[in-house]
Amino acid sequence: FRELMEQWAADGSMPSEHVALQRGLVQFIDETIIPGLIKSLLDPSFKEKDAMHARNVTQTAKLLAVLREKRGAVEFEQALIVNVLMTTQCPQSIIDGFRSATDAKCIEKTLREMLAAIKGGQ
């Protein structure tokens, strides 16, 4: 999905015949993929220290970084923070971390902090 986002998500770069497809893809990612990924990361069966699971955190961070880069901070805020994190018990410090994260490495670090904060007590 990251590569699809890189190709299709940038505002203003689509020929007019592809605008509906672009909107549909972005809506699907915002409303289905991102919430589903965060939910799967927060699932008790997800073990972030497992190598394959750790890779999922990295790939999720890369997707979120592309969303932020291609769609902008406002849409990033709506898709991740408003639509997903505000529905969890995510601490404000983590939300602020996502707001200030500007690249995939910062987003990944914040995702890992989120997992520790929310799942740490489980």
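Our structure's up above, just so we're on the same page.
Residues numbered from 1 in each chain as written. Predicted model: local features only at pLDDT ≥ 70, side-chain atom pairs only at ≥ 80, totals over all residues. Heavy atoms only, no water.

### Remarks on the overall build of the protein
A tally of regular secondary structure across the protein gives six helices and zero strands. Listed N to C, the secondary structure of the protein is α-α-α-α-α-α in terms of helices and strands. Residue burial in the protein is summarised as follows: out of 122 residues, 39% are buried. When contacts within the protein are restricted to residue pairs at least 6 apart in sequence, long-range pairs at least 24 apart make up 62% of them. Of the roughly 6,900 Å² of accessible surface on the protein, a fraction of 54% belongs to carbon and sulfur atoms. (Helix = DSSP H or I, 4+ residues; strand = E, 2+ residues; numbered from the N terminus. Buried < 20%, exposed > 50% of the residue type's maximum accessible area, 1.4 Å probe, protein only. Contact = heavy atoms within 4.5 Å. Areas by Shrake-Rupley, 256 points an atom, 1.4 Å probe, with all protein chains shown as cover.)

### Section: the nonpolar core
Core analysis: the biggest nonpolar cluster contains 30 residues, and I38, L85, F98, L111 and M114 have the highest contact counts within it. Among the secondary structure elements, those contributing two or more residues to this core are α2 (19–42), α3 (51–71), α4 (73–82), α5 (92–100) and α6 (104–119). Tallying contributions element by element places α2 first for this core, with seven residues. Setting aside chain neighbours within four positions, we find L85 in contact with I38, L80, C90, I95, F98 and M114. (Core = buried A, V, L, I, M, F, W, Y, C linked by side-chain atoms within 4.5 Å.)

### Let's talk about the packing of α5 against α6
Relative orientation and spacing of two packed helices are given, respectively, by the angle between their axes and the distance between those axes. Where α5 contacts α6, the axes come no closer than 9 Å and their chain directions differ by 170°. For the element pair α5 / α6, the angle class is roughly antiparallel. Residue-level contacts link I94, G97 and F98 of α5 to I107, T110, L111, E113, M114 and A117 of α6. Grouping the constituent residues of the contact of α5 with α6 by class yields six nonpolar, two polar and one charged. (Axes fitted to C-alpha atoms, helices over the stretch in contact; angles between N-to-C directions. Parallel < 35°, antiparallel > 145°, perpendicular 65-115°, else oblique. Nonpolar A, V, L, I, M, F, W, Y, C, P; charged D, E, K, R; others polar.)

### Some thoughts on the environment of I118
One can find I118 in helix α6. Between the alpha carbons of I118 and I94 there is a distance of 9.9 Å; along the sequence they are 24 residues apart. Setting aside its immediate chain neighbours within four residues, I118 contacts L42, T88, Q89, C90 and P91.

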